Amino acid sequence: MGIQLSKGERFDLFPANPNLQKVSFALGWQINETKDNFDIDASVFMLGAEGKIPHERYFVFYNNLRSLDDSVHHLGNHQTGKNPGDKETINVDLHKISPEIQEIIFVVTIHEAQAKNQNFSQIHNAFIRLDNSETHSELACYNLQEHFSGETAVEFGRLYKKNGKWRFQAVGQGYNAGLKSFVDKYYVEIKQEDNQPETNLNNSDVDIPDLAINELAATQLKISEVEIPELKIPELAITELATPKVSNKSQKAIDLEKKLEEKAPHIFNLVKKADISLQKANLTNHDAKVALCLDISVSMSALYSAGKIQRLAEKILALGCRFDDNAAIDIFLFGINSYYAGEMTIENFPNFIHHILKRYPLEGGTYYGRVMQEIRNFYFPDSRDGSRYAPISADKPVYVMFVTDGATTDESATKQQLQWSSYEPLFWQFMAIGKSQKDVKRKGVGGWFSRATASDFSFLEQLDEMGDRHLDNADFFSVEDPESIADEELYDLLTTEYPNWVKSARLKNLLLYS
């Protein structure tokens, strides 16, 4: 038996199966005792980076059983699964999936549900099971426990790419408009370049009377006989046309670069390194507010004393200079309590961290949830108690760099804050400092000692994979030492998942299109 998933949970296909190539998805359900005849179908939507199918043949269903890239094969309504309860089976060859496909959605719909007055309240024991097609072993299974009422379509689960690897998420989301719910959401009609009907007529096929030809010829104007008046253009207009226009943002960016080069050449050099990663992530002209959230528990003492947190803050300030024309980042601190420590700018960045530690000494505890609520209240003060159950939108997102070296005392509150903030245009980039237990590979006594002295970042990994969110709004990585990686590598890590979150946030109306 494979891993049993609950709604929202995720499963990484590859750690236990590094050579995995072919998988199958078995979908099943049982219909409550009724005289009605149900016609239930499974379908697949293969989505590109924009959350839409890039070609109509990436919609795989009973009338199109193979995807355009031949990676997905729907076996139809035949009950060919390995278990008796399998209703429909969909085979997926992971190696054949086109690079343009980033997500694969598995849905089940009731055909003509409204006409027959049918819905998913009349269906039970629904499931989606992921099998290794080559070994015929079960990898994971999601038994839908939701109590549906008027829903006529359900998204059972999805495959999605993360860091170049495929993962599966149990979804269990119901919809009321049947298959149309997904067609409207994921399908965009591709316009043809030329909508005019093609004809095979040649000039010789058209019989034009001689009289008509003569009349047409008689009405032609001779260009040489038409006197065109000289057009005088004022010199000022000529100068304006010859001078390329610079947008307000572009002009601010130019002015900022000059200021950085003169007043903060060190930050200027970091900005240039950040530019490379931003260009790769297609974030060159991206606008965002940037916040740096720092752990001030006593265990961080050595990192502060060595100046490593100051230098890390300067690297985040460089990112802020690119995301925000104000060239400033907001600093938040957390230990037992949480604090807003003010703005770090290109004017006050030297020794900034040293100065704020005089005002906020290190504390003997760690509470993520308290500072997460402080940050959310700072940027979105309309919900003072912290709860959020519906999305809000803004024209500029908030990017939070969250730095810690250990576990939190308030795990439940932290999860709640992350879930609530998924309805806000706010992205959490968690970075843990220290040797991770996952990275310790040594055996024997030495290995046991290394694992015992390593940090446990399992909770932060759970946050990265946590379900029951409006949108996946967090990423996590760990480094043993913040200065053990090159600046360019750090900026790559900081922009790994954020670009995809920005796209998803726009699709879900958290971010307004500018």
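## Side note on unusual backbone geometry
Residues other than glycine seldom take positive phi values, yet Asp-70 does so here, at roughly 65°. Topologically, Asp-70 is positioned in the loop between strand E5 (59–60) and strand E6 (72–74). Look at Asn-282: it is not a glycine, yet its phi comes out positive at around 60°. Mapped onto the elements of the fold, Asn-282 is located in the loop between helix H6 (265–280) and strand E13 (289–295). Overall, Asn-282 belongs to the exposed group, its relative accessible area being 67%.

## A closer look at the pattern of salt bridges
For side chains of opposite charge, pairing can occur when their charged atoms come near one another. A complete count under the given rule lists 23 salt bridges for this structure. Ionic pairing is found between Asp-131 and Arg-129, a salt bridge with its closest N-O pair at 3.1 Å. Residue Asp-131 shares its accessibility class with Arg-129, and that shared class is buried. Between Glu-465 and Arg-167 there is a salt bridge whose closest N-O contact spans 2.1 Å. Within this pair, whereas Glu-465 is found in helix H13 (residues 458–465), its partner Arg-167 is found in strand E12 (residues 165–175), the two being separated by 298 residues in sequence. Relative accessible area serves as the criterion here: at 13%, Arg-167 is assigned to the buried category. What emerges from the salt-bridge pattern is a single network uniting Asp-12, Lys-162, Arg-167, Asp-464, Glu-465 and Glu-497.

## Here we look at the sheet that holds strand E15 (residues 338–345)
The sheet built from 6 strands is open, its strands ordered E15-E14-E13-E16-E17-E18 with mixed pairing. The two strands at the open ends of the sheet, each matched to only one other strand, are E15 and strand E18 (474–479). Neighbour to neighbour, the strand axes of the sheet diverge by 20° on average, direction disregarded. Of the strands in this sheet, strand E16 (398–404), strand E17 (426–433) and E18 touch helix H14 (residues 487–494), which is tilted by about 155° from E18.

## A look at the confidence of the model for the protein
On average, residues of the protein score 83 in pLDDT, and 81% of them are at 70 or above. The model gives residues 190–249 a pLDDT under 50, and that stretch makes 11 contacts with residues more than four places away or in other chains. Long-range and interchain partners of residues 438–454, a stretch whose pLDDT sits below 50, account for 14 contacts in this model, where long-range means more than four residues apart.

## Points about the packing of aromatic side chains
Under the definition given, this model contains 32 aromatic pairs. Where Trp-428 meets Phe-430, the ring centres are 6.3 Å apart and the plane angle is 15°; that geometry is what we call stacked. Note on accessibility: Trp-428 and Phe-430 belong to one class, buried. One aromatic cluster is present, formed by Phe-45, Phe-59, Phe-61, Tyr-62, Tyr-175, Phe-182 and Tyr-186 through successive ring pairs. Here the basic side chain of Lys-165 rests over the ring of Phe-14, its NZ or CZ set 5.2 Å away from the ring centre.

## Some points on the pairing of E18
Counting buried residues in E18 gives 5 out of 6 residues, a clear majority hidden from the surface. As paired elements, E17 and E18 share 6 bridges and run parallel to each other. Bridging from a neighbouring strand, Ile-433 pairs with Val-479 of E18.

Analysis parameters
- Sequence order as written defines the numbering, with residues in each chain counted from 1.
- Two thresholds apply to this predicted model, a pLDDT of at least 70 for residue-level local features and 80 or more for giving and counting side-chain atom pairs, whereas whole-chain, interface and lining totals are computed over all residues.
- Where side-chain values are given, they derive from all heavy atoms of the structure, hydrogens and water being excluded.
- Numbering goes from the N terminus for both helices and strands, where a helix is a DSSP run of H or I of at least four residues and a strand is a run of E of at least two.
- Per-residue accessibility, obtained with a 1.4 Å probe over protein chains only, is compared with the maximum for each type, and a residue is labelled buried under 20%, exposed over 50%, and partly exposed between these values.
- A side-chain nitrogen of Lys or Arg and a carboxyl oxygen of Asp or Glu constitute a salt bridge if their distance falls within 4 Å.
- Two strands are said to pair when DSSP picks up at least two bridges between them.
- Fitted lines through C-alpha atoms serve as axes, helices being fitted only where they are in contact, and the angles separating the N-to-C directions of these axes extend from 0 to 180 degrees.
- The contact criterion used throughout is that any non-hydrogen atoms of two residues lie within 4.5 Å.
- Known as pLDDT, the predictor's confidence for each residue is given on a scale from 0 to 100.
- Put simply, two rings from Phe, Tyr or Trp (the six-membered ring, in Trp's case) pair if the centres are within 6.5 Å, and we call them stacked under 30 degrees between planes, edge-to-face over 60, tilted for the rest.
- Only when the NZ of Lys or the CZ of Arg is both within 6 Å of the ring centre and within 35 degrees of the ring normal is a charge said to sit over the ring.

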